[in-house]
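Analysis of the macromolecular model
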Amino acid sequence: MKIMSFNTQHCLNYIERNIDFEIMAKAIKDCGADIVGLNEMRDKGVNDQYLEQTKILSELTGIENYYFAEAIKFDGGQNPYGNSLLSRYPIVSTETVLIPTPEPRKYNGYYEQRSLLKAKLENGLTVLVIHFGLNPDEQERALDAVLKNLEDEKCILMGDFNMTPDNELLNPIKERMRDTSEFFTSPLLSFPSDNPNIRIDYIFVSPDIEVISADIPAIVASDHRPHTAEIKYDGN
């Protein structure tokens, strides 16, 4: 089974600078993904640039099961934005866990309400898709949401964490889950996609899941390269 984490930057072609569903779908198909966690996705809104992007990618990739987890509505509450899941396995239940913006704000950086997507699949897996904020107080809130929703078995956590591997906030997750980057055959980075200099995208799995391999393929579609992991999982 192939897992994929991919920040699509609302399906914006990083080179051409236009919304490009075909290039995003090609990246997913080229990776052979069965379960895909997507960050920075739009859904249907008032603005004509806000389409059902998750549904569109589902149709283009042939991955029939999908879910969009709204984090925030931009432009006065009219245009939805958040995380998504594509799955070749039926989705049994879903939950959108909102991560409110800290108040008061401790830093001068950009703040944005985030969400954690939680889905249970028919094959027994729990999948969590997260997009951490940029500021440490946002990241602490996101970490708290993750730790409260992790399952000790049959669990996958993935997304754009906006943190490099040396960040101590990752330690509580690493204590409970395995970072699939352990299976890279050489050091790999994920951002920016054309000339990456940092790794901020992750796939973690619970200890009972066997990891066969992991990769960050040199795909330039979005501003992030996708992160993939091949796992062995026999279901229930």
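First things first, this report covers the structure right here in the doc.

Reading the values: rules and limits
Residues numbered from 1 in each chain as written. Predicted model: local features only at pLDDT ≥ 70, side-chain atom pairs only at ≥ 80, totals over all residues. Heavy atoms only, no water. Helix = DSSP H or I, 4+ residues; strand = E, 2+ residues; numbered from the N terminus. Rg over C-alpha atoms; globule rule 2.2 N^0.38 Å. Buried < 20%, exposed > 50% of the residue type's maximum accessible area, 1.4 Å probe, protein only. Contact = heavy atoms within 4.5 Å. Lys, Arg positive; Asp, Glu negative; His and termini not counted. Charge placed at Lys NZ, Arg CZ, Asp CG, Glu CD. Pairing = 2+ DSSP bridges. 1 Å grid on protein atoms, 1.4 Å probe; cavity = no way out; pocket = protein on both sides within 12 Å on 5 of 7 lines; lining within 4 Å. Points joined across faces, edges and corners; volume = space filled by probe spheres on them. Nonpolar A, V, L, I, M, F, W, Y, C, P; charged D, E, K, R; others polar. Polar contact = N/O pair within 3.5 Å; in protein donor to acceptor, adjacent residues only side chain to side chain. Arc of directions from axis to C-beta. Salt bridge = Lys/Arg side-chain N within 4 Å of Asp/Glu carboxyl O.

**A few points about the overall build of the protein**
Secondary structure assignment for the protein yields five helices and 12 strands. Expected size for 236 residues packed as a compact globule is a radius of gyration near 18 Å; at 16 Å, the protein falls within 12% of this value. Dimensions of the protein along its principal axes, counting C-alpha atoms only, are 45 × 40 × 40 Å. Buried positions account for 54% of the 236 residues belonging to the protein. Sequence separation of 24 or more characterises 69% of the internal contacts of the protein that already satisfy a separation of 6 or more. Of the side-chain charges in the protein, 23 are positive and 38 negative, and the distance between the mean point of each set is 1 Å.

**With respect to the pairing of strand β4 (residues 79-87)**
Counting buried residues along β4, nine of its nine residues qualify, which places the element largely inside the surrounding structure. Pairing analysis gives eight bridges linking strand β3 (residues 65-73) to β4, with the strands arranged antiparallel. Residue pairing across strands places Tyr67 opposite Leu85, the latter belonging to β4.

**So, the environment of Glu40**
Along the chain, Glu40 turns up in strand β2 (residues 35-42). If near-sequence neighbours (up to four positions away) are discounted, Glu40 is found in contact with Asn7, Thr8, Gln9, His10, Tyr81, Gly82, Asn83 and His131.

**Quick look at empty space enclosed by the protein**
In the structure shown here, the tally under the stated rule is two cavities of 30 Å³ or more. Those elements giving two or more residues to the lining of the largest cavity turn out to be β4 and β6 (114-121). No other element matches β4, which puts three residues into the lining of the largest cavity. Here the lining of the largest cavity is built from residues that sort into two nonpolar, four polar and three charged. Of the volumes computed, that of the second largest cavity is approximately 40 Å³. As for the second largest cavity, its lining consists of Ile99, Pro100, Thr101, Pro102, Glu112, Arg114, Gly133, Glu138, Arg141 and Ala142.

**So, the sheet that holds strand β7 (residues 126-131)**
The strand order β5-β6-β7-β8-β10-β9 describes an open sheet built from six strands, whose pairing is mixed. Across the chains shown, the open sheet's two edge strands, defined by having one partner strand only, are β5 (91-99) and β9 (178-179). Pairing of β9 with strand β10 (residues 201-205), which is carried by two bridges, proceeds in the antiparallel orientation. Looking across to β10, one finds that Asp179 is bridged to Phe204.

**Comments concerning the environment of Tyr110**
Position of Tyr110 among the secondary structure elements: in the loop between β5 and β6. A relative accessible area of 44% means that Tyr110 is categorised as partly exposed. Taking the C-alpha atoms as reference, Tyr110 lies 26 Å from Val220; in sequence the two are 110 residues apart. The residues touching Tyr110, leaving out its near neighbours within four places in the chain, are Phe74, Leu134, Asn135 and Glu138. At 2.8 Å, the side chain of Tyr110 and the side chain of Glu112 are in polar contact.

**Remarks on the side chain of Ser190**
Note that Ser190 resides in the loop between β9 and β10. Among the polar contacts made by the side chain of Ser190, one reaches the side chain of Asp201 at a distance of 2.7 Å. Filtering out sequence-adjacent residues up to four positions away, Ser190 remains in contact with Pro196, Ile198, Arg199, Ile200, Asp201, Ile216, Asp223, His224 and Arg225.

**Concerning helix α2 (residues 53-61)**
Within α2 the residues assigned to the buried category are Gln53, Thr54, Leu57, Ser58 and Thr61. Buried positions in α2, seen along its axis, are confined to an arc of 140° and lie on one side of it. Its buried side turned inward, α2 meets α1 (21-30), β2, β3 and β4. Once α2 finishes, Gly62 follows within two positions and takes phi at roughly 75°, a positive value.

**Observations regarding the pattern of salt bridges**
Inspection of every chain in the model, using the stated rule, returns 11 salt bridges. Residue Glu103 is joined to Arg105 by a salt bridge in which the shortest nitrogen-to-oxygen separation is 3.5 Å. The class of Glu103 is exposed, set by a relative accessible area of 56%. A relative accessible area of 45% places Arg105 in the partly exposed class. For Lys118, the salt bridge is made with Glu151, and the minimal N-O distance between the two is 3.6 Å. Highlighted residues: Lys118 in strand β6 and Glu151 in the loop between α4 (136-149) and β8 (155-160), separated in sequence by 33 residues. When its relative accessible area of 29% is taken as the criterion, Glu151 is described as partly exposed. The network of salt bridges with common partners includes Lys118, Lys120 and Glu151.

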